[in-house]
Amino acid sequence: MGFVRLLPRSSSRAQNAVVADELDVAMSDVEPVPADEPYALEEELPVLELPVALDAPPPVEMPTAPLPAPTPVFVPQAPMPGTTGTRVIALANQKGGVAKTTTTLNLGVAFKEMGYRVLLVDLDPQGNLTMSQGLNPDTIETSMFDVLVRKIPISDVIERREVDLAVASIDLAGAELALAALIGRERSLEKALVEVRDQYDFILIDTPPSLGLLTINAFVAATGVIVPVQCEYLALRGLVQLENTLAMVRENLNPRVGVEGIVPTMYDGRTLHAREAVEILEENFGDLVFKTRIRKTVRYAEAPVKGSSVLGYDPTGPAAEAYRELAKEVLHGAEAREHA
Ligand code: ADP
Ligand code: MG
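Residues numbered from 1 in each chain as written. Chains lettered and ligands numbered in written order. Predicted model: local features only at pLDDT ≥ 70, side-chain atom pairs only at ≥ 80, totals over all residues. Heavy atoms only, no water.

(A) Main features of the overall build of the chain. For the chain, the helix and strand inventory stands at twelve helices and nine strands. Each of the 340 residues in the chain was classed as buried or not, and the buried ones make up 46%. In the chain, of all internal contacts separated by at least 6 residues, the share reaching a separation of at least 24 is 80%. Carbon and sulfur atoms make up 56% of the accessible area of the chain, which totals about 17,800 Å². (Helix = DSSP H or I, 4+ residues; strand = E, 2+ residues; numbered from the N terminus. Buried < 20%, exposed > 50% of the residue type's maximum accessible area, 1.4 Å probe, protein only. Contact = heavy atoms within 4.5 Å. Areas by Shrake-Rupley, 256 points an atom, 1.4 Å probe, with all protein chains shown as cover.)

(B) How the structure looks around the side chain of threonine 215. In this structure, threonine 215 sits in helix H7 (residues 213-221). Using a relative accessible area of 1% as the deciding quantity, one classes threonine 215 as buried. Not counting residues up to four positions away in its chain, the partners in contact with threonine 215 are Ala92, Thr207, Pro208 and Ser210.

(C) Summary view of unusual backbone geometry. Its identity as a non-glycine residue notwithstanding, lysine 151 has a phi of 60°, on the positive side. If you trace the backbone, lysine 151 turns up in the loop between helix H4 (144-149) and strand E5 (158-160).

(D) Just the packing of aromatic side chains, in detail. The full count for this structure, using the stated rule, is four aromatic pairs. Where phenylalanine 111 meets phenylalanine 202, the ring centres are 3.8 Å apart and the plane angle is 5°; that geometry is what we call stacked. Taken as a pair, phenylalanine 111 in helix H2 (residues 100-113) and phenylalanine 202 in strand E7 (residues 202-206) lie far apart in primary sequence, 91 residues in all. An identical accessibility class is assigned to phenylalanine 111 and phenylalanine 202; each is buried. Between tyrosine 116 and phenylalanine 202 the ring centres are 5.3 Å apart and the planes differ by 90°, which places this aromatic pair in the edge-to-face class. Of this pair, tyrosine 116 sits in the loop between H2 and strand E4 (118-122) while phenylalanine 202 sits in strand E7, placing them 86 residues apart in sequence. Residue class for phenylalanine 202 comes out buried when judged on its relative accessible area of 2%. A connected cluster of aromatic rings, assembled from ring pairs, spans Phe111, Tyr116 and Phe202. (Phe/Tyr/Trp six-rings, centres within 6.5 Å; stacked < 30°, edge-to-face > 60°.)

(E) Structural detail: the site of ligand 1. In the vicinity of ligand 1, 14 residues are found, and the nearest of them are Gly97, Lys100, Thr101, Thr102 and Arg295. For ligand 1, an oxygen atom lies 3.0 Å from a polar atom in the backbone of alanine 99. Taking threonine 101, its side chain carries an N or O atom lying 2.8 Å from an oxygen atom of ligand 1. Notes on ligand 1: free accessible area 560 Å², of which the protein chains cover 78%. (Near = heavy atom within 4 Å. Polar contact = N/O pair within 3.5 Å; in protein donor to acceptor, adjacent residues only side chain to side chain.)

(F) Broad picture of the packing of H7 against helix H8 (residues 239-252). Remark: H7 packs on H8, axes separated minimally by 10 Å, with the N-to-C direction vectors making an angle of 55°. In terms of axis orientation, H7 runs oblique to H8. Here the hand of the crossing between H7 and H8 comes out right-handed. Counting all contacts with H7, which are made through Ile216, Phe219 and Val220, the residues of H8 involved are Leu242, Thr245, Leu246, Met248 and Val249. For the contact of H7 with H8, the per-class residue count stands at seven nonpolar, one polar and no charged. (Axes fitted to C-alpha atoms, helices over the stretch in contact; angles between N-to-C directions. Parallel < 35°, antiparallel > 145°, perpendicular 65-115°, else oblique. Left-handed = near helix turned anticlockwise from the far one by under 90°. Nonpolar A, V, L, I, M, F, W, Y, C, P; charged D, E, K, R; others polar.)

(G) Molecular detail of the sheet that holds E4. Ordered by their spatial adjacency, seven strands build an open sheet running E5-E6-E4-E7-E3-E8-E9, and the pairing between neighbours is mixed. Of all the strands in the sheet, the pair left with one neighbour each is E5 and strand E9 (259-265). Strand-to-strand twist of the sheet, defined as the mean angle between neighbouring strand axes without regard to direction, takes the value 25°. In this sheet, E7 lies alongside strand E3 (residues 87-91) in parallel orientation, the contact comprising five bridges. When the sheet's bridge partners are listed, leucine 91 is paired in E7 with aspartate 206. Lying on the sheet, H8 is in contact with strand E8 (224-230) and E9; it crosses E8 at an angle near 170°. (Pairing = 2+ DSSP bridges.)

(H) The pattern of salt bridges, seen in detail. Under the criterion given, the structure shown has 15 salt bridges. The partner of arginine 185 in a salt bridge is glutamate 186, and the shortest N-O contact between them spans 3.5 Å. Taking relative accessible area as the criterion, glutamate 186 reaches 22% and is therefore assigned partly exposed. Residues arginine 250 and glutamate 243 are paired through a salt bridge, measuring 2.5 Å at the closest nitrogen-oxygen approach. Judged on exposure class, the residue arginine 250 and its partner glutamate 243 are both buried. When salt bridges with common partners are traced through the structure, they connect Glu113, Glu321 and Arg324 into a single cluster. (Salt bridge = Lys/Arg side-chain N within 4 Å of Asp/Glu carboxyl O.)

(I) Structural context of the nonpolar core. Formed by 86 residues in total, the largest nonpolar core has its most connected members in Val121, Met144 and Leu193. Take this core: its biggest share by element is eight residues, from helix H12 (residues 318-339). Residue contacts for leucine 193: discarding those within four places in its chain leaves Val88, Leu119, Val121, Ile154, Ile203 and Ala221. (Core = buried A, V, L, I, M, F, W, Y, C linked by side-chain atoms within 4.5 Å.)

(J) View of the side chain of threonine 245. Along the chain, threonine 245 falls in helix H8. The exposure class assigned to threonine 245 is buried, which follows from its relative accessible area of 11%. Setting aside residues no more than four positions away along its own chain, threonine 245 makes contact with Leu211, Ile216 and Phe219.

See the structure below:
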């Protein structure tokens, strides 16, 4: 092996000092190492061997498992626990801005209008759901972070607003990291919900735009997943990855969880693009696509500024009506599957 030993400059000084000692010469007589010479070669060997070529990028780990066939992507969920038990629904899509938070709130308020007992859980460190009920995540002291990581009772962080809401704070951004070190890290939310589960008919969980540990916690706690999808071509791309993550959760942590349905959001029926995007969704996912289209309207952006759902802000408008329709579909979808 022809490795060249590279000595840092300080070692070369030390060596010089030893030599100087031996020869009984004052250090000042030793020729100083030139300032522009960073290393001293102990011996001269022509070839410099390094384990990795310096100009080559580090090797990238490629996934070895083949991707699943694109159609159908989602495995319909196993029989639901039924209308008697609490339904815990995670609203998930790793893409941001697809109306996860908007759907969590408005679907939740629609269920409440129908007489159901509803809890919303804000699991997104951005705290948009918390904000949309007029609360400030920056000033909240105890939140879902403390529930997941410090194991305080979830009832301590539930605020009673239009619907009950377990709040997020800015701390939640550190939850993924803090959870990673805990045993049972994927089951933290599931365990926390045991305390209040019987008090609600629906628990809707708003998740961050990622498939990290917070979203996994939601999948493990959930009886089903609803995926809001923006009506555009590219929106379809992330769904395979979402289903892969769900498949992993089914295999290891929660065998019953699956996609209950896909909600086309921000639909603009005047554009061919939106209509085609929905057609593609239906071709690929069939009955899993809800019939309700959530149309594009500024009402959904206006309502949270008032700390309200669209059902509270503009109760008789079409935007509110759309989420009431979706709520009915979510209810009936479950019944239809039970009787299938
Ligand atoms: P996510 O939680 O997936 O990031 P949000 O629910 O926060 O998405 O929605 C992103 C933005 O789009 C928000 O400003 C919201 O008010 C707006 N929005 C949501 N749904 C609609 C809709 N149907 N039409 C128009 N704007 C919408
Ligand atoms: Mg959101």
